[in-house]
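# Examining the three-dimensional arrangement
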Amino acid sequence: MKIGFIGSGAMAQALAEKWRGKHDLFFSGRNLEKAAQVAAGFGAKSGPAAEAAAFGEVVVLATRWEDALDAVAQAGGDAAFASKVVIDINNPVSVETFLTTRDDGRSLTQALAEALPGAELGKAFNMAQAAVWADPDMTYDGRTLVTLFTADSERASEVIAGLIRDVGSEPLRLGGNAHAYQLEAAAAIVIKFLFAGRDPHTVFNFIQPDVRAIR
Ligand SMILES: NC(=O)c1ccc[n+]([C@@H]2O[C@H](COP(=O)([O-])OP(=O)(O)OC[C@H]3O[C@@H](n4cnc5c(N)ncnc54)[C@H](OP(=O)(O)O)[C@@H]3O)[C@@H](O)[C@H]2O)c1
């Protein structure tokens with residue numbers, strides 16, 4: 001599959017490390033020299049964001065969250081992303097308040113979907129750090145990491161699930177993009193504890209595995 005990255009930073013590189021050899025990759029950035037250096041490390045192509053969008057059957061939005069909406073506009077907007085599967089990995093979370101920055105109860109994913117009505121969007125890979133995605137062994141506490149994702153279309157869901165399997169994780173669809181806000185809010189909790197130097201496992205490991213259902 002052809003995958004274009006808008007952004008070539010920590011997350012793009014961590015995911016690309018897992019997808020190299022399985023998919024054709026294309027990196028972009030504001031600084032084209034930096035993007036070219038990253039691409040060279042993967043034997044991949046690079047260029048401006050518009051070219052990454054044109055290249056990809058799948059386009060990964062891997063700028064900082066503050067830049068995501070501008071970046072898709074600069075890459076050519078809806079026409080440039082029409083019929084692409086677009087993966088939003090961003091966490092719109094303030095590292096001062098540790099709250100999501102969208103106060104209307106809607107997600108950045110939904111704002112991106114509104115900006116790109118011709119694309120098939122989903123949210124994935126936002127719940128763990130770049131170092132986790134780069135980890136060659138995604139087994140933690142004896143269990144394979146489960147990656148929650150959202151997508152509105154069946155095609156986006158299938159493609160994203162496949163790419164999650166390709167990083168060594170197990171996909172689990174939370175629902176449509178109406179659920180993306182929950183993923184962003186959950187990431188805000190993880191990020192708060194990471195910044196506080198506390199292991200988020202101690203916070204999220206609160207469910208007894210033998211409890212199957214709550215009635
Ligand atoms: N880092 C993590 O552990 C982690 C984990 C989960 C989710 N996330 C989310 O993933 C996103 C990316 O994080 P990151 O740590 O990978 O960021 P990063 O290392 O700062 O990289 C950001 C990249 O975006 C590029 N960029 C910025 N504006 C652009 C534009 N208009 N067009 C094209 N490229 C542009 C930058 O290129 P230039 O350098 O050329 O400006 C840079 O390559 C964030 O929204 C974050 O919330 C991060």
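A brief report on the enclosed structure follows. Everything numeric in this text was worked out from a predicted model, so none of it was measured.

## Some points on the pattern of salt bridges
Under the counting rule described, the total for this entry stands at 8 salt bridges. The closest approach of N and O atoms between Glu114 and Arg106, which form a salt bridge, is 2.6 Å. Taking relative accessible area as the criterion, Arg106 reaches 30% and is therefore assigned partly exposed. For Glu154, the salt bridge identified is with Arg173, shortest N-O distance 3.1 Å. On the criterion of sequence distance, the pair formed by Glu154 in helix α8 (residues 154-166) and Arg173 in strand β10 (residues 170-175) is long-range, its members being 19 residues apart. When salt bridges that share partners are traced, they join Asp88, Lys123 and Glu184 into one network.

## Describing the sheet that holds strand β9 (residues 146-151)
Spatial ordering of the open sheet is given by β3-β2-β1-β4-β5-β6-β9-β10, a layout of 8 strands whose pairing is mixed. Of all the strands in the sheet, just β3 (45-47) and β10 have a single pairing partner and so form its edges. Within the sheet, the average angular offset between the axes of one strand and its neighbour, ignoring direction, is 25°. Alignment of strand β1 (residues 2-6) against strand β4 (residues 58-61), held across 4 bridges, turns out to be parallel. Within β4, the residue paired with Gly4 across the bridge is Val59.

## A few points about the site of the ligand
Every one of the 25 residues lining the ligand counts as a neighbour, but Arg30, Asn31, Lys34, Asn90 and Ala130 are closest to it. Note that an oxygen atom of the ligand is positioned 2.6 Å from one of the side-chain N or O atoms of Asn90. Computed on the free molecule, the ligand has an accessible area of 910 Å², of which 81% lies beneath the protein chains in the complex. When contributions to the shell around the ligand are tallied by element, the ones reaching two or more residues are α1 (10-19) and α4 (68-74).

Conventions used here
- Residues numbered from 1 in each chain as written.
- Predicted model: local features only at pLDDT ≥ 70, side-chain atom pairs only at ≥ 80, totals over all residues.
- Heavy atoms only, no water.
- Salt bridge = Lys/Arg side-chain N within 4 Å of Asp/Glu carboxyl O.
- Buried < 20%, exposed > 50% of the residue type's maximum accessible area, 1.4 Å probe, protein only.
- Helix = DSSP H or I, 4+ residues; strand = E, 2+ residues; numbered from the N terminus.
- Pairing = 2+ DSSP bridges.
- Axes fitted to C-alpha atoms, helices over the stretch in contact; angles between N-to-C directions.
- Near = heavy atom within 4 Å.
- Polar contact = N/O pair within 3.5 Å; in protein donor to acceptor, adjacent residues only side chain to side chain.
- Areas by Shrake-Rupley, 256 points an atom, 1.4 Å probe, with all protein chains shown as cover.

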